[in-house]
Amino acid sequence: MKKMKVNLDRKVSGSYEICIGYDVLDRFVMMIAKNQPASHYVIISDSNVSLLYGEVLAEKMRKAGVKVDAVTFPAGEESKNIEVMLALVRELLRVGTDRSSVILALGGGVVGDMAGFIASVFMRSLPYVQIPTTLMAQVDSSIGGKTAVDLPEGKNLLGAFYQPRGVYIDLKLLDTLPETEFNNGLVEVVKYGVIDDTGLFSFLEDNLETIRRRDRNALERIVESACRIKKGIVEIDEKEQGLRRVLNFGHTIGHAIEAESAYGISHGNAVSVGMVAAVTISERLYNFPGEDRMRLERLMRRAGLPLHIPRSVATEGILSRLRMDKKKEGSTIHFVLLKKMGMPFINGGVPEGVLRETIEGLKK
Ligand SMILES: NC(=O)c1ccc[n+]([C@@H]2O[C@H](COP(=O)([O-])OP(=O)(O)OC[C@H]3O[C@@H](n4cnc5c(N)ncnc54)[C@H](O)[C@@H]3O)[C@@H](O)[C@H]2O)c1
């Protein structure tokens, strides 16, 4: 089992461990009971994950002699809202959750974000641990303490920075993950390769098929690298005041495309095109090497990820969503661009003409 520590300011959030293994739920149960002792644990998961792994985990915990309950909600981003959150809170009360309980967030990013947010406010906060079950959650959302629910006005508008007490990653849980969901996570791994780790990028180029077959060693390599990069960035900038913004590489335009397609384009696909857009702009404005743009495009194509924006998604709509992006400050939209592979920076604003031409150029 691989372990690494997220070192945060002890007085503010405290440090915690990320543990990565394969087929290790039994060991995780023991580690959680030892590292996060509690009189009562509550597993929060969604309807899919609870069927696949919820009862399995609960049974293992009971066998280990700890008191455990489970609450669930319907799977999907549509559930990441305040109404479902309140329904979960009432369920938590019904099963006797109190300040001596620990919450276990078992699921993808939706579970992790919502369970983490509940943990941050339930009875003025409870400890929680993350047991991520999607590749997206294992390489990204379970680490770093960003928690939130969506509002009708936009995604993640109500939330808090609230760090988990531990992140327990079992790579075997990815066996059952549908391909589209696997690809959503793979896009984030490509992102880390581009912004931080050219060795990881080369590994992806050399081992893409093995990774997509979910080979144990290949998964271990990419998840471990991703966690190391994410934790390193969070350690420097826990509250996203500077460096952590580089993790939005490809996401600014990606989110706008995703929303303008009325979520008909998956998050992973939208970020894939968003990354292509970001390197295209970087090439035009900052001499990012054309051959590296082509390397990225080749990798995306091999992974079955899109490089183009469908004509049905309106350029003006994407532009107006970019203007509304919550990460903008005043009238400036911050883009993560690159001077070269592994060297991202926050750009203070891309001229609208360049944005329009780039989006139009990616239409197919
Ligand atoms: N907090 C952060 O830092 C952060 C970072 C990135 C994304 N996010 C958030 O994460 C969310 C997306 O997360 P996601 O991509 O994990 O989606 P998700 O949680 O909706 O999971 C995707 C689907 O896979 C199913 N699933 C989960 N694990 C499975 C498994 N092992 N086998 C079979 N099916 C499984 C789920 O039930 C769901 O239907 C978004 O809400 C996004 O805003 C948060």
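Note that this is a predicted model, so its numbers are computed, not measured.

Novice: What am I meant to see in the packing of aromatic side chains here?
Specialist: Note on aromatic pairs: each is described by the distance of the centres and the angle between the planes. Under the criterion given, the structure shown has three aromatic pairs. Seen from their ring centres, Tyr286 and Phe345 are 4.8 Å apart, and the 80 degrees between their planes marks the pair as edge-to-face. Of this pair, Tyr286 sits in helix H10 (residues 267-286) while Phe345 sits in strand E11 (residues 343-347), placing them 59 residues apart in sequence. Relative accessible area serves as the criterion here: at 28%, Tyr286 is assigned to the partly exposed category. Accessibility expressed as a relative area gives 17% for Phe345, which makes it buried. Above the ring of Phe203, the side-chain terminus of Arg221 is found at 4.8 Å from the ring centroid.

Novice: What should I look at first to understand unusual backbone geometry in this one?
Specialist: Generally, phi is negative for residues other than glycine and the peptide bonds are trans, each holding for most cases. With a phi angle near 55 degrees, Ala262 is a residue other than glycine that sits in the positive phi range. A positive phi angle, close to 65 degrees, is found at Tyr263, a residue other than glycine. Judged by relative accessible area, which is 48%, Tyr263 ranks as partly exposed.

Novice: Whenever I open this one, the domain arrangement of the protein confuses me. Can you help?
Specialist: A common measure of how large an interface is: the accessible area buried when the components associate. For the protein, the assigned domains are domain 1 (2-177) and domain 2 (180-361). Tallying the contact residues gives 28 residues for domain 1 and 29 residues for domain 2. Taken together, the two surfaces of domain 1 and domain 2 that pack against each other cover about 2800 Å², and 65% of this comes from carbon and sulfur. When the buried area of domain 1 at its contact with domain 2 is split by residue, Met4, Leu135 and Val139 rank highest and sum to 20% of it. Counting across the interface, domain 1 meets domain 2 through five salt bridges.

Cut-off values and rules
Residues numbered from 1 in each chain as written. Predicted model: local features only at pLDDT ≥ 70, side-chain atom pairs only at ≥ 80, totals over all residues. Heavy atoms only, no water. Phe/Tyr/Trp six-rings, centres within 6.5 Å; stacked < 30°, edge-to-face > 60°. Helix = DSSP H or I, 4+ residues; strand = E, 2+ residues; numbered from the N terminus. Buried < 20%, exposed > 50% of the residue type's maximum accessible area, 1.4 Å probe, protein only. Lys NZ or Arg CZ within 6 Å of the ring centre and 35° of its normal. Domains from an automatic or database assignment. Contact = heavy atoms within 4.5 Å. Buried area = accessible area lost by both parts, 1.4 Å probe. Salt bridge = Lys/Arg side-chain N within 4 Å of Asp/Glu carboxyl O.

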